[in-house]
Amino acid sequence: MMSERTTLIRLAALCLEETGSCSGCDLAGADLYEADLFQADLSLSDLSGADLTAADLTLANLRGVDLRGAILDETNLSGANLAKVLLDKNALAGAIFDS
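The model shown is predicted, which means the values in this text are computed figures rather than measured ones. (Residues numbered from 1 in each chain as written. Predicted model: local features only at pLDDT ≥ 70, side-chain atom pairs only at ≥ 80, totals over all residues. Heavy atoms only, no water.)

### Concerning the overall build of the protein chain
Put simply, the rule is: By definition, any uninterrupted DSSP run of H or I lasting at least four residues is a helix, any uninterrupted run of E lasting at least two residues is a strand, and each is numbered from the N terminus. Each radius of gyration reported is based on C-alpha atoms, and the globular scaling rule is 2.2 Å times the count of residues to the power 0.38. Relative accessibility decides the category of a residue: with a 1.4 Å probe and only protein chains considered, values under 20% of the type maximum give buried, values over 50% give exposed, and everything between is partly exposed. Only heavy atoms matter for contacts: two residues are in contact if any of them lie within 4.5 Å across the pair. All accessible areas in this document rest on Shrake-Rupley with a 1.4 Å probe, and a residue is counted as covered only by the protein chains that are shown. Counted as positive: Lys and Arg. Counted as negative: Asp and Glu, with His and the chain ends omitted from the count. By convention, the point assigned to a charge is CZ for Arg, NZ for Lys, CD for Glu and CG for Asp.
Secondary structure summary: the protein chain contains 1 helix and 0 strands in total. Its C-alpha atoms give the protein chain a radius of gyration of 12 Å, within 12% of the compact-globule value 13 Å for 99 residues. In the protein chain, which comprises 99 residues, the share counted as buried stands at 39%. Restricting to contacts in the protein chain with at least 6 residues of sequence separation, those with at least 24 account for 2%. As displayed, the protein chain offers around 5,500 Å² of accessible surface, 51% of which is attributable to carbon and sulfur atoms. Looking at the protein chain, you have 6 positive and 16 negative side-chain charges, and the mean spots of the two groups are 11 Å apart.

Okay, structure coming up:
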């Protein structure tokens with residue numbers, strides 16, 4: 001049986017993929033592996049612990065997003081707004097900034 005928390009994360013992720021916007025969403029721990037989030041508005045969202053491996057966040061609005069503990073290997077952050085983002089040290093080592 002799916003927990004209420006898991007259901008809420010899945011609904012928020014679905015909304016994000018459908019509309020390209022999820023400002024202020026709680027996506028902590030979400031599986032967004034290879035997600036197409038081109039130009040998505042995720043401002044002020046909680047993505048701590050999320051798996052964003054190989055996700056496309058090109059030109060995304062990530063202002064104020066919590067990315068502590070997130071997996072950003074091969075994540076495309078080219079042109080993304082990273083103002084006031086919360087990150088772990090070396091978290092961006094595997095990210096892509098030039099596409």
